Amino acid sequence: MYLKTISDDEAIGEVAELFAAERQSMGTVMEATRCWSARPDMLLPVERLLHQMRNEFSLGLLNFRLITFIAAKHVPSSYCSHVYFRSLSNMIGREQVLAVHRDYRNAGLTEQQVEMLAYAEQITKDASKITEANIARLRAVGFTDLNIADIALAASYRNFMSRYFDAVGATAEASFLDEDPDVRAEMAVGK
């Protein structure tokens, strides 16, 4: 981490409560949380936005994580690629996640998921190139405007967060790194 971080002993108020909750649920306070030390006033709004978006995501947690995984790959963000590789592996299996990372179009996903990820990928690469035709493709496979907004929000949020983490030097915790060095190297898509 390039910035000085708040230690558990230095955390006060709601930040201390957040640190304690994260330590209890994950066994550690992630660098993704600690990297807000220079702006602790931003930590809680950012966390609240993530939880509200994820908990009320119209396409379910699996699709939320698939979107964030593909967005992280194309930011590119090693930190977020490692974290979402681990969380998705726990949901759908390691080999399936590797297949998604290598080529989601040929990874056994539904047509709807492929279109969803193509949209998230385009948002990450260059959102200015999105046209009504992209939205028409999403509608053609059954997405509602709420679904499309959620996909755009999830991908855009991951872009913001991944870029911030890289900008302040956050690195993936050892617990998120795959034991296979080849897989670790494959998830190291950025710095």
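Structure: see above.
Given the structure is predicted, the values throughout are model-derived calculations rather than measurements.

Cut-offs used in this document
Residues numbered from 1 in each chain as written. Predicted model: local features only at pLDDT ≥ 70, side-chain atom pairs only at ≥ 80, totals over all residues. Heavy atoms only, no water. Phe/Tyr/Trp six-rings, centres within 6.5 Å; stacked < 30°, edge-to-face > 60°. Buried < 20%, exposed > 50% of the residue type's maximum accessible area, 1.4 Å probe, protein only. Axes fitted to C-alpha atoms, helices over the stretch in contact; angles between N-to-C directions. Helix = DSSP H or I, 4+ residues; strand = E, 2+ residues; numbered from the N terminus. Left-handed = near helix turned anticlockwise from the far one by under 90°. Contact = heavy atoms within 4.5 Å. Nonpolar A, V, L, I, M, F, W, Y, C, P; charged D, E, K, R; others polar. 1 Å grid on protein atoms, 1.4 Å probe; cavity = no way out; pocket = protein on both sides within 12 Å on 5 of 7 lines; lining within 4 Å. Points joined across faces, edges and corners; volume = space filled by probe spheres on them. Polar contact = N/O pair within 3.5 Å; in protein donor to acceptor, adjacent residues only side chain to side chain. Core = buried A, V, L, I, M, F, W, Y, C linked by side-chain atoms within 4.5 Å. Salt bridge = Lys/Arg side-chain N within 4 Å of Asp/Glu carboxyl O.

(A) Highlighting the packing of aromatic side chains. All told, the structure shown has 4 aromatic pairs when counted by the stated rule. Here F57 and F64 contribute two aromatic rings whose centre-to-centre distance is 5.3 Å and whose plane-to-plane angle is 75°, an arrangement assigned as edge-to-face. Of the two residues, F57 and F64, both sit in the buried class. Ring geometry for Y79 versus F165: centroids 5.4 Å apart, planes at 55°, classification tilted.

(B) Structural view of the packing of helix α4 (residues 60-74) against helix α7 (residues 111-126). Where α4 contacts α7, the axes come no closer than 9 Å and their chain directions differ by 40°. The crossing of α4 and α7 is right-handed. Each of L62, N63, L66, I67, I70, A71 and H74 in α4 lies in contact with α7, whose residues at this interface are Q113, M116, L117, A120, E121, T124 and K125. Among the residues forming the contact of α4 with α7, the class breakdown is 8 nonpolar, 4 polar and 2 charged.

(C) Region of interest: the layout of surface pockets. Roughly 630 Å³ of internal volume is contained in the largest pocket. Taken together, 29 residues make up the lining of the largest pocket; nearest its centre are M26, M30, L50, R54 and Y84. Elements represented by at least two residues in the lining of the largest pocket include exactly α1 (13-26), α2 (31-34), α3 (40-55), α4, α5 (78-92) and α9 (145-168). For the lining of the largest pocket, the element with the highest residue contribution is α5, accounting for 7 residues. Partitioned by chemical class, the residues of the lining of the largest pocket number 18 nonpolar, 5 polar and 6 charged.

(D) View of the side chain of S77. Looking at the element boundaries, S77 is found in the loop between α4 and α5. A distance of 3.2 Å separates the side chain of S77 from the backbone nitrogen of C80, its partner in a polar contact. With residues up to four places along the chain from it excluded, the contact list for S77 reads A72, S162, D166 and V189.

(E) Layout of the nonpolar core. Core analysis: the largest hydrophobic core is formed by 60 residues, its most contacted members being I67, Y79, V100, L117 and F165. No other element matches α9, which puts 10 residues into this core. Excluding anything up to four places from it in sequence, F165 contacts A32, C35, W36, Y79, C80, R158 and A170.

(F) Molecular detail of the environment of S78. Looking at the element boundaries, S78 is found in helix α5. A C-alpha to C-alpha distance of 5.0 Å links S78 and V189, two positions 111 residues apart in sequence. Sequence-distant contacts of S78, that is, excluding residues within four places in its chain, are made with M187, A188, V189, G190 and K191. Of note is the side chain of S78, whose polar atom sits 2.9 Å from the backbone nitrogen of G190.

(G) Quick peek at the pattern of salt bridges. One pass over the full model with this rule turns up 14 salt bridges. Residues R48 and E14 are paired through a salt bridge, measuring 3.1 Å at the closest nitrogen-oxygen approach. Residue R48 is found in helix α3, and its partner E14 is found in helix α1; the two are separated by 34 residues along the sequence. Exposure remark for E14: the relative accessible area of 45% places this residue in the partly exposed category. Linking D41 and R39 is a salt bridge whose minimum nitrogen-to-oxygen distance equals 2.7 Å. Classification of D41 by relative accessible area gives partly exposed; the value is 46%. For R39, a relative accessible area of 43% translates into the label partly exposed. Each of the salt bridges in this network shares a partner with another, and the network as a whole consists of R94, E95, D178 and D180.

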